[in-house]
Amino acid sequence: MTALVELDDVSKYYGNVRALQGVSLEVHAGRITCVLGDNGAGKSTLIKIIAGLHRHDSGTFSIEGEETSLGSPREALDRGIATVYQDLAVVPLMPVWRNFFLGSEPTRGRGPFRRLDVRAMRETTRAELLRMGIDLRDVDQPIGTLSGGERQCVAIARAVYFGARVLVLDEPTAALGVKQSGVVLKYVAAARDAGLGVVLITHNPHHAYLVGDRFVLLKRGAMAGSHRKPEIGLDELTRQMAGGSELDDLRHELERAPAPRHLGGHDLGH
């Protein structure tokens, strides 16, 4: 089955700084690929390449089997790739329905009589949120009054409605508590069940393991592992994510380290 998006041995440099080197991953319809790594692992650079913000320097980037190099986020959207960033691009004081259609508002009438089709936007927003299992009491409320988890879910539903085939989610649960994270992960799974290919960027192996089909681990811009879910358990995924062998080396080093001298007054020559 042809991947919706495929990166093969992709690298990115900023001057002499290596941001990514030799990264490969595939995104398939109805599957969730989780990209895990700590700060500085290269997750942000990877997002920017897939989202069309930056071009890769080497390797191949293909969309449905066709090698490409995206020149802008608009081009990525036109090719069916929608990215939902951690700091959501919403206008807090505008109602939910207005944010849902922001930049793509339908109109009615012609010429000087042309105006926003507010009724259609309200009804569509309510219907699309319900279709994703999100039952908002009032789509007229300012989006800023929603919880962080609810705002993420509106952004996911928006991407699905506007025809995204690939959904890239940048740390959607990073700033959320356990309950809100669960809400977001439920809608991530709903997007997968709607047939989208999902890329979930996270530093939380527990969240990744709940929904992921494949796990790509990044460390200092390079690949540290790629596993399908049947090939790896949560404990081993967490161990590799936390440093694995490096942690084992540190543990041995700490166990062998001599106890520090007590720096009492007599040790300082008093």
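Below: a short report on this structure. Predicted model, so just to flag it, every value in this text is computed and none were measured. All residue numbers refer to positions counted from 1 along the written sequence of the respective chain. Whole-chain, interface and lining totals are the exception, using all residues; otherwise, since this is a predicted model, local features are given only for residues with pLDDT of at least 70 and side-chain atom pairs are given and counted only at 80 or more. Where side-chain values are given, they derive from all heavy atoms of the structure, hydrogens and water being excluded.

### Looking at the packing of helix α4 (residues 118–131) against helix α5 (residues 148–161)
A packed helix pair is summarised by two numbers, namely the angle formed by the two axes and the spacing between the axes.
Then comes step 1: As a packed pair, α4 and α5 sit with axes 9 Å apart at the nearest point and diverge in direction by 100 degrees. Here α5 runs roughly perpendicular to α4, going by the angle between their axes. Only Val 154, Ala 157, Val 160 and Tyr 161 of α5 make contact with α4, whose side of the interface consists of Thr 124, Glu 128, Leu 129 and Arg 131.
Then comes step 2: Looking at the contact of α4 with α5 residue by residue, the classes come out as five nonpolar, one polar and two charged. All axes are obtained by fitting lines to C-alpha atoms, using only the stretch in contact for helices, and the reported angles, taken between N-to-C directions, cover 0 to 180 degrees. The secondary structure listing takes helices from DSSP runs of H or I that are at least 4 residues long and strands from runs of E that are at least 2 residues long, numbered from the N terminus. Orientation categories follow fixed angle ranges, with anything under 35 degrees roughly parallel, anything over 145 roughly antiparallel, 65 to 115 roughly perpendicular, and all other angles oblique. Here a residue-residue contact requires only that any non-hydrogen atoms of the pair lie within 4.5 Å. Ten residue types, Ala, Val, Leu, Ile, Met, Phe, Trp, Tyr, Cys and Pro, are classed as nonpolar, four, Asp, Glu, Lys and Arg, as charged, and the remainder, Gly among them, as polar.

### What to know about the pattern of salt bridges
Then comes step 1: Throughout this description, the term salt bridge denotes a Lys or Arg side-chain nitrogen within 4 Å of a carboxyl oxygen of Asp or Glu. Under the counting rule described, the total for this entry stands at twelve salt bridges.
Then comes step 2: The shortest N-O distance in the salt bridge between Asp 57 and Lys 12 comes to 3.9 Å. Separated by 45 residues along the polypeptide, Asp 57 in the loop between α1 (43–50) and β4 (58–63) and Lys 12 in strand β1 (residues 5–14) bring together distant segments of the chain.
Then comes step 3: Each residue gets one of three labels from its accessible area relative to the maximum for its type: buried under 20%, exposed over 50%, partly exposed in between, using a 1.4 Å probe on protein chains only. For Lys 12, a relative accessible area of 10% puts it in the buried group.
Then comes step 4: With a closest N to O distance of 3.7 Å, Glu 171 and Lys 43 form a salt bridge. Taken together, the residues span a long stretch of sequence, with Glu 171 in the loop between β9 (166–170) and α6 (178–193) and Lys 43 in helix α1 at a distance of 128 residues. For the pair formed by Glu 171 and Lys 43, the shared burial category is buried.

### A few points about the packing of α5 against α6
Then comes step 1: Two elements in contact, α5 and α6, have axes whose closest approach is 8 Å; the angle formed by their N-to-C orientations is 10 degrees. On the basis of the axis angle, α5 is roughly parallel to α6. Touching Gly 148, Gly 149, Glu 150, Gln 152, Cys 153, Ile 156 and Val 160 of α5 are Gln 180, Val 183, Val 184, Tyr 187, Val 188 and Ala 191, all from α6.
Then comes step 2: For the contact of α5 with α6, the class distribution of residues is eight nonpolar, four polar and one charged.

### Observations regarding α4
Then comes step 1: End to end, α4 covers 20 Å across 14 residues, agreeing with the expected 20 Å (1.5 Å per residue, within 8%).
Then comes step 2: If you check which residues of α4 are buried, you get Met 121, Thr 124, Thr 125, Glu 128 and Leu 129. An end-on view of α4 places all buried positions within 125 degrees of arc, on one side of the element. Along α4, the residues that are exposed and aim more than 90 degrees away from the buried face are Arg 119 and Arg 131.
Then comes step 3: Buried residues along α4 sit in contact with α3 (96–100), β8 (115–116) and α5.
Then comes step 4: One or two steps after α4, the chain reaches Gly 133, where phi turns positive at roughly 85 degrees. To estimate how far a helix should reach, multiply one less than its number of residues by 1.5 Å. By construction, the arc corresponds to the directions joining the helix axis to the C-beta atoms.

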